[in-house]
Amino acid sequence: EPETPEDMGVIDFTSTTALGCWTLGCMNGTSMPTRYGTATGKCKFLLRIFNTTSTDGAYAIMPPLEVEDINKYQISFDACTNSTAATNVKSITVGIISNGADLSTFAPITTITNLNYTTDSTGMFRYTVPFDSYDGDFVTGAKGNQVMFLSESGDNFNEAFIDNIRLELIPTCAAPSAVVA
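Residues numbered from 1 in each chain as written. Predicted model: local features only at pLDDT ≥ 70, side-chain atom pairs only at ≥ 80, totals over all residues. Heavy atoms only, no water.

**Some details on the nonpolar core**
One broad rule of soluble globular proteins: the nonpolar side chains tend to lie buried together. In this structure, I75, F77, V94, F131, V147, F149 and I165 are the most contacted members of the largest nonpolar core, which totals 27 residues. Contributions of two or more residues to this core are made by strand 5 (73-80), strand 6 (92-97), strand 7 (106-112), strand 8 (125-130), strand 9 (146-151) and strand 10 (158-169). Once residues lying within four places of it in the same chain are set aside, the contact partners of I75 are M62, V94, Y127, T128, V129, F131, V147, F149, I165, R166 and L167. Counting residues in hydrophobic clusters, the runner-up holds six residues, among them Y59, F106, M148 and L150. (Core = buried A, V, L, I, M, F, W, Y, C linked by side-chain atoms within 4.5 Å. Buried < 20%, exposed > 50% of the residue type's maximum accessible area, 1.4 Å probe, protein only. Helix = DSSP H or I, 4+ residues; strand = E, 2+ residues; numbered from the N terminus. Contact = heavy atoms within 4.5 Å.)

So this is what it looks like as structure tokens:
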């Protein structure tokens, strides 16, 4: 059942049911996205999307959204990696999928590279991805209503953690940046 962005609020992964309506998968291996973390200490629960080989890739697809035009929305989320190896990819691709059962209908919007390294959730950076450039999928041109996060396969291991996901209307004026006191 699709839900509105307003009904969703902020999605975090402290609840064991947070992933209940998500579609999780991997392309060629066994690197399934998982709820990751502990209930104590600095590391809180996060969604871990990763792959362990150059031929694998993992994805997490949000439940369908009840929106007339996804181009009017943006998604914000916190992300990081805990990998320091130079050969590791350390990126996450965000886009829209029009058919969650057919990965060829995924239209990437942006890839965030060189995710911040942290050993706990205090080092996560906030990212915002507007969907105003989305024109539909590359296969049929159909407009989708599901956001997909992809940990692409690369030369080696790729790992991304995401949390505090919020879908909202794109503001009519730009958010302030580089504010100095």
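**What to know about the pattern of salt bridges**
In the structure shown here, the tally under the stated rule is two salt bridges. Where R166 meets E168, a salt bridge forms, and the shortest distance between an N and an O atom there is 3.4 Å. (Salt bridge = Lys/Arg side-chain N within 4 Å of Asp/Glu carboxyl O.)

**Quick notes on the environment of I70**
Mapped onto the elements, I70 comes out in the loop between strand 4 (58-61) and strand 5. Once residues lying within four places of it in the same chain are set aside, the contact partners of I70 are L65, I96, F131, Y134, G144 and N145.

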